[in-house]
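# Tertiary structure, described
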Amino acid sequence: MSTKYKATTTEECYFITITTVGWIDVFTRLNQKQNIIKALQYCQLNKGLEIYAYCIMSNHIHILCKATEGFILSDIIRDFKKFTSKKIIQTIIDQPESRREWMLDYFKKSCEHLKRHQTYKVWQDGYHAEHIFSNKFIKQKLEYIHLNPVKDQIVVMPEDYYFSSARNYAGLENDLEVILLSLF
């Protein structure tokens, strides 16, 4: 697998995008977004993940982050995807979901071609990681992350979207704490 868009270094900041297979809108449900928040919190507390910005959209997640304390970001993302895949599937099975059969069938068919045995595949292979190399690039990515829900017309103002660090930067309450960057 190509390392062009992977976080292969340690202690450096990356803009990461993780996407569901088939761009399935898993995160239209509150319980699924909360699963992602809890998993990110766990990675912050136990895996050395520093998050500077994030946004959970309906079928993908953007994170501006880095690994610390000797952890490797690619390992953190791998573990995050593995854990959340299982949690997403279990939530679909255990909790009300009008699209249950369709989603489980799609996730099951998405791994039929894999060499390794796997029952369901929730995330696309790999992830898109761009190394952050300047303050200008950080500012550009922060704006991109925070304007994602505005662009999709979910909200009018970035800070109105609860599952985004735009709330943190606006001084509003949020479930996921981030390290605020002052580049402006």
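Higher on the page you've got the structure.
Residues numbered from 1 in each chain as written. Predicted model: local features only at pLDDT ≥ 70, side-chain atom pairs only at ≥ 80, totals over all residues. Heavy atoms only, no water.

Turning our eyes to something else, we now look at the packing of helix α1 (residues 30-46) against helix α2 (residues 73-94). Two elements in contact, α1 and α2, have axes whose closest approach is 10 Å; the angle formed by their N-to-C orientations is 150 degrees. The angle between the axes of α1 and α2 places the two elements in the roughly antiparallel class. As α1 packs across α2, the resulting crossing turns out to be right-handed. In this structure, α1 uses Asn-31, Gln-32, Asn-35, Ile-36, Ala-39, Leu-40 and Cys-43 to contact α2, whose residues at the interface are Ile-76, Phe-80, Phe-83, Thr-84, Lys-87, Ile-88, Thr-91 and Ile-92. (Axes fitted to C-alpha atoms, helices over the stretch in contact; angles between N-to-C directions. Helix = DSSP H or I, 4+ residues; strand = E, 2+ residues; numbered from the N terminus. Parallel < 35°, antiparallel > 145°, perpendicular 65-115°, else oblique. Left-handed = near helix turned anticlockwise from the far one by under 90°. Contact = heavy atoms within 4.5 Å.)

Here we take up the nonpolar core. Formed by 51 residues in total, the largest nonpolar core has its most connected members in Ile-16, Ile-51, Leu-64, Leu-73 and Phe-107. Secondary structure elements with two or more residues in this core: β1 (14-19), α1, β2 (49-56), β3 (60-67), α2, α3 (100-109) and α4 (135-151). Ile-51 has contacts with Leu-40, Gln-44, Ile-63, Leu-64, Cys-65, Leu-176, Val-178 and Ile-179, leaving out every residue within four places of it along the chain. (Core = buried A, V, L, I, M, F, W, Y, C linked by side-chain atoms within 4.5 Å. Buried < 20%, exposed > 50% of the residue type's maximum accessible area, 1.4 Å probe, protein only.)

The subject of this paragraph is the pattern of salt bridges. Summed over the entire model, instances satisfying the criterion amount to eight salt bridges. Measuring nitrogen to oxygen at the nearest pair gives 3.0 Å for the salt bridge that ties Arg-78 to Asp-79. A relative accessible area of 24% places Asp-79 in the partly exposed class. The shortest N-O distance in the salt bridge between Glu-130 and Lys-141 comes to 3.5 Å. With Glu-130 in strand β4 (residues 128-131) and Lys-141 in helix α4, this residue pair connects regions lying 11 residues apart in the sequence. When its relative accessible area of 22% is taken as the criterion, Glu-130 is described as partly exposed. Taking the relative accessible area as the measure of exposure, Lys-141 reaches 10% and is therefore buried. Residues joined by salt bridges that share partners form a network here, namely Lys-47, Asp-75, Arg-78 and Asp-79. (Salt bridge = Lys/Arg side-chain N within 4 Å of Asp/Glu carboxyl O.)

Right, let's get into the side chain of Lys-121. Note that Lys-121 resides in the loop between α3 and β4. Judged by its relative accessible area of 7%, Lys-121 is buried. Excluding residues that lie within four positions of it along the chain, Lys-121 makes contacts with Val-21, Phe-107, Ser-110, Cys-111 and Leu-114.

What follows concerns the state of the cysteines. What makes a disulfide is a covalent bond joining the sulfur atoms belonging to two cysteines. Across all of its chains, the model carries zero disulfides by this definition. Its sulfur unpaired, Cys-43 is 9.5 Å from the next cysteine sulfur, which belongs to Cys-65. By relative accessible area, which is 3% here, Cys-43 ends up buried. You can see Cys-65 has no disulfide; the closest cysteine sulfur is in Cys-13, sitting 6.6 Å from it. (Disulfide = S-S within 2.5 Å.)

So, about α1. Taking 1.5 Å per residue as the helical rise, α1 with its 17 residues ought to reach 24 Å, and the 24 Å between its terminal C-alpha atoms agrees with that figure. Listed as buried for α1 are Asn-31, Gln-32, Lys-33, Asn-35, Ile-36, Ile-37, Ala-39, Leu-40 and Cys-43. Where α1 is buried, its residues contact β2, β3 and α2. Count one or two residues on from α1 and you reach Gly-48, which has phi positive near 75 degrees. (Expected span 1.5 Å × (residues − 1).)

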